[in-house]
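Read off the chains here:
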Amino acid sequence: MPGGQNDNDEAPDRADPPHPSDAVYADGPDAEDIEAADEELAEQADEVEQGEVIDGDLLDDEEMDTGEASPASPASPDASGGENAPDPTEAAAPDDVIREPDDVEPDTTDGETGEARRVSAEGEPEPMADTEGRPSPKAALVYNPIKVDADDLRARVERAAKDAGWSEPLFYETTVDDLGDDVTRQALKEGVNAVLVAGGDGTVRAVAEAMTGSDVPLTIVPSGTGNLLARNLLLPLDDPDAMIRATFDGDSLAMDVGFASLRRQDGTVDEHAFVVMGGMGLDAAMIANTNPKLKKQVGWVAYVDGVARSLPAAKPFRLMYQLPQRRIHAARVQSVLFANCGSLPAGLELIPEASVADGNLDIVFIQPKGLLGWIFVWRRVAWDNSFLRRFRSGRRVMALRTKDNAVRYSRGLGVDLATSEPHPVQLDGDEFGEAAQVRVRLEPASLLLALPRGHKVEGL
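In this text, all values refer to a predicted model and were calculated from it rather than measured experimentally. (Residues numbered from 1 in each chain as written. Predicted model: local features only at pLDDT ≥ 70, side-chain atom pairs only at ≥ 80, totals over all residues. Heavy atoms only, no water.)

Visitor: What exactly am I supposed to notice about the confidence of the model for the protein chain here?
Guide: Detailed reading of the predicted coordinates is not advisable wherever pLDDT is low. Chain-level statistics for the protein chain give a pLDDT mean of 77 and a share of 65% at 70 or above. Within the model, the stretch residues 104-110 combines pLDDT values under 50 with seven contacts to residues more than four positions away or in other chains. (pLDDT = per-residue confidence, 0-100. Contact = heavy atoms within 4.5 Å.)

Pasting the structure below:
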């Protein structure tokens, strides 16, 4: 740990700065106030069922008469995909057979292994001829052929490039051995003016890692089951043409990118980027224990299987951590998360105040004590953050309630984590093995994202 400092040193006590997620809570709630707020919240909940609440606040009489309403809340089911969550039985269609994991075909094509490659417009695994050079501007599309309809997607990008007066795009396919970072670097060496990525969260993470600091805009064409970054950015998930057009005629946002340096038990160190969030402990074990074949069938719902496999053996572990220019602290946790975004699938808000462009990393310590502690964790994430904050009276209830320590927040430009024994690590939903030390840093405004013209960036 930097500085070799511990809790017993006589150095000045630089307490970690307060986090907005905890600022709403207060000590000493008044029972009568809580009861009154609960009654008001119950009335608002009834009106939600009747469709009379928009964007977290009750519509007044004038708004009800005119029919005007503000845009949908980021925490709404439609924005996060909660109502559209896949059903495992429906995923077994068309023959109504619930398949065992071993029945699912592997995520590869026979004979197609090795590095990712550049392909022709027809999808042939041969580099396109470029003897005379291509005129600028030109775009490159990096896509996972398992996640997309390659022929349709390439055709859409070609048409959009032609309509914008750009030259013929370059196409790159990923494989199981290259998630997209290597081919993205190849595209940047070709001097492309924009890059589009279509694939799962792992593909987006890999391409973003290669493009960080390049000043070349990246367009995300949502294609996987999670689409975590696209959901946090409130991008259209079912309109690929809107995102493709943003490459050639859209707005842009400079977002932060996190990097995690992982020190393994044998002393080796490797570093990887993340654009949504990473974690150490139970959350990473859950991902590691999720059957990848089941995930391909039912999407993020498969993580329920990972939770069931991980919780019985879950044990808290001792963690030493330090934010830049702050004291070293010790804690017993089940999991620690370092996040660039705050929203999870199913409409859950882990960190409501998180922003991809605020130049800060949000750190979350999950440290429940027994069964009651897990209830507090669920209350904070699924009830307080994801529901109560949407209403005035809900925020009053939170302000009157004493905060618990089952979930704690911190914020800074990075964080150093160290444990006596290695623990599993995940980045953007992909497992990255075990590490005994994780050093996380943030590179503010280092990745330029292409957004549809007029897309609202406030609060992202």
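Visitor: Quick question: what am I supposed to make of the packing of helix α6 (residues 150-163) against helix α10 (residues 240-249) here?
Guide: Two measures define how a pair of helices packs: the angle their axes make with one another and the distance between the axes. Following both chains from N to C, one finds α6 and α10 inclined at 40°, their axes separated by 10 Å at the closest point. The orientation of α6 with respect to α10, classified from their angle, is oblique. Of the two possible hands of crossing, α6 and α10 adopt the one that is right-handed. Residue-level contacts link L153, R156, V157, A160 and A161 of α6 to P240, D241, I244 and F248 of α10. A class-by-class count of the residues in the contact of α6 with α10 yields seven nonpolar, no polar and two charged. (Axes fitted to C-alpha atoms, helices over the stretch in contact; angles between N-to-C directions. Helix = DSSP H or I, 4+ residues; strand = E, 2+ residues; numbered from the N terminus. Parallel < 35°, antiparallel > 145°, perpendicular 65-115°, else oblique. Left-handed = near helix turned anticlockwise from the far one by under 90°. Nonpolar A, V, L, I, M, F, W, Y, C, P; charged D, E, K, R; others polar.)

Visitor: In this structure, what is going on with the nonpolar core? I would like to understand it.
Guide: With 50 residues, the main nonpolar core has V195, L218, I220, L229, L233, V364 and L447 as its most contacted residues. Excluding its chain neighbours within four sequence positions, the residues that come into contact with V364 are S335, V336, L337, L350, I351, V407, R408 and Y409. Ranked by size, the runner-up nonpolar core spans 24 residues in total, among them V333, I363, F432 and V438. (Core = buried A, V, L, I, M, F, W, Y, C linked by side-chain atoms within 4.5 Å. Buried < 20%, exposed > 50% of the residue type's maximum accessible area, 1.4 Å probe, protein only.)

Visitor: Quick question: what am I supposed to make of helix α14 (residues 370-385) here?
Guide: Because an α-helix completes one turn every 3.6 residues, residues spaced three or four positions apart along the sequence face the same direction. Between its terminal C-alpha atoms α14 stretches 22 Å, which fits the 22 Å expected from 16 residues at 1.5 Å a residue. Helix geometry: α14 is bent most strongly at R379, by close to 35°. The set of residues buried in α14 consists of G373, V377, R380, V381, A382, D384 and N385. (Expected span 1.5 Å × (residues − 1). Bend = angle between axes of the 7 residues up to and from the residue.)

Visitor: Which parts of the structure should I look at to understand unusual backbone geometry?
Guide: Phi is positive for L234, close to 60°, though the residue is something other than glycine. Relative to the elements of secondary structure, L234 occurs in the loop between α9 (228-232) and α10. A relative accessible area of 32% means that L234 is categorised as partly exposed. Even without a glycine there, the phi angle at A445 is positive, about 50°. Summarising the element assignment, A445 is placed in strand β17 (residues 430-451). When its relative accessible area of 49% is taken as the criterion, A445 is described as partly exposed.

Visitor: I'm lost on the pairing of strand β9 (residues 269-274) in this one. Help?
Guide: Successive residues of a regular strand alternate their side chains across the two faces of the sheet. Strand direction decides the pairing type here: strand β8 (residues 251-263) and β9, joined by six bridges, are antiparallel. Residue pairing across strands places G258 opposite F274, the latter belonging to β9. (Pairing = 2+ DSSP bridges.)

Visitor: Got a minute to help me understand the packing of aromatic side chains in this structure?
Guide: Each aromatic ring pair is described using two quantities: the centre-to-centre distance and the angle formed by the ring planes. What the rule picks out here adds up to three aromatic pairs. Pairing W166 with F248 gives two aromatic rings, centres 4.9 Å apart and planes at 90°, and the pair type is edge-to-face. Taken together, the positions of W166 in the loop between α6 and β5 (170-173) and F248 in helix α10 put the pair 82 residues apart, joining distant regions of the chain. For F248, a relative accessible area of 16% corresponds to the buried category. (Phe/Tyr/Trp six-rings, centres within 6.5 Å; stacked < 30°, edge-to-face > 60°.)

Visitor: I keep staring at empty space enclosed by the protein and nothing clicks. Help me out?
Guide: The gaps of empty space that remain are located by a probe, the size of a water molecule, rolled over the atoms. Under the counting rule described, the total for this entry stands at one cavity of 30 Å³ or more. In this structure, the largest cavity occupies an estimated 80 Å³ of space. If you go around the largest cavity, you meet 14 residues; those closest to its centre are D201, V204, N227, L228 and L229. Elements that contribute at least two residues to the lining of the largest cavity include exactly α8 (201-211) and α9. (1 Å grid on protein atoms, 1.4 Å probe; cavity = no way out; pocket = protein on both sides within 12 Å on 5 of 7 lines; lining within 4 Å. Points joined across faces, edges and corners; volume = space filled by probe spheres on them.)

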